[in-house]
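Residue-level structure breakdown
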Amino acid sequence: MTELGSRIREERLRRNMTLVVLSRRSGIAQPNLSRIENGKMDPRWSTVERILAALGISTTDFLADGASAGGLDPWARIRHKAERGEDVRDEAWALAANTSRRAMARS
């Protein structure tokens, strides 16, 4: 499971929301949400934004929550920057696009 996927699952469960409900609210197919949460699918940034909107979480809050600069995880670095108040939207979008391209190349 990827950190992004596990964080989305954590937020969904924190809100006592099923995948079916999140699917309806976000407009993203339930099997795709499951793949994202289990790290089997790297979503585009626009998909992450739709999920966060359906969960009622701002992008900035999601990226800043639990920030840690340690390790090599690029999402953690982005969250750390967001916590410091830096604008991370473009960097996060680029990271999501790159992970999506890498996932497509693996399949």
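Scroll up for the structure.
In this report, we go over the structure that sits alongside the text. Just so it is clear, the model here is predicted, and its values are computed rather than measured.

In terms of regular secondary structure, the protein chain is built from 7 helices and 0 strands. Counting helices and strands in the order they occur from the N terminus, the protein chain gives α-α-α-α-α-α-α. For the protein chain, contacts bridging at least 24 residues in sequence account for 49% of all contacts bridging at least 6. Accessible area of the protein chain: about 6200 Å², with a carbon and sulfur share of 50%.

This part is about unusual backbone geometry. Unusually for a residue other than glycine, asparagine 16 sits at a positive phi of about 50°. Along the chain, asparagine 16 turns up in the loop between helix H1 (3-14) and helix H2 (19-26).

Our focus in this paragraph is the side chain of serine 23. Mapped onto the elements, serine 23 comes out in helix H2. Apart from the residues within four sequence positions on either side, serine 23 is in contact with Ile28, Ala29, Gln30 and Leu33.

It is possible for side chains bearing opposite charge to pair when their charged atoms get close. Applying the stated criterion to the full structure yields 6 salt bridges. The residue arginine 14 makes a salt bridge to glutamate 10 at a minimum N-O spacing of 2.9 Å. On the criterion of helical spacing, the pair formed by arginine 14 and glutamate 10 is a turn pair, its members being 4 residues apart in helix H1. Between glutamate 11 and arginine 14 there is a salt bridge whose closest N-O contact spans 3.0 Å. Linking glutamate 11 with arginine 14, this pair stays in helix H1, spanning 3 residues, or about one helical turn. We classify glutamate 11 as buried; its relative accessible area is 5%. If you follow the salt bridges from partner to partner, you end up with Glu10, Glu11, Arg14 and Arg15 in one network.

As a further point, take empty space enclosed by the protein. With the rule as written, the count across this model stands at 1 cavity of 30 Å³ or more. Lining the largest cavity are Glu3, Leu4, Arg7, Phe62, Leu63, Trp75 and Arg79. Every element with two or more residues in the lining of the largest cavity is listed here: H1, helix H5 (59-64) and helix H6 (74-83). A per-element tally of the lining of the largest cavity places H1 first, with 3 residues.

About the cut-offs
Residues numbered from 1 in each chain as written. Predicted model: local features only at pLDDT ≥ 70, side-chain atom pairs only at ≥ 80, totals over all residues. Heavy atoms only, no water. Helix = DSSP H or I, 4+ residues; strand = E, 2+ residues; numbered from the N terminus. Contact = heavy atoms within 4.5 Å. Areas by Shrake-Rupley, 256 points an atom, 1.4 Å probe, with all protein chains shown as cover. Salt bridge = Lys/Arg side-chain N within 4 Å of Asp/Glu carboxyl O. Buried < 20%, exposed > 50% of the residue type's maximum accessible area, 1.4 Å probe, protein only. 1 Å grid on protein atoms, 1.4 Å probe; cavity = no way out; pocket = protein on both sides within 12 Å on 5 of 7 lines; lining within 4 Å. Points joined across faces, edges and corners; volume = space filled by probe spheres on them.

Any link to function would need more than the numbers given here.
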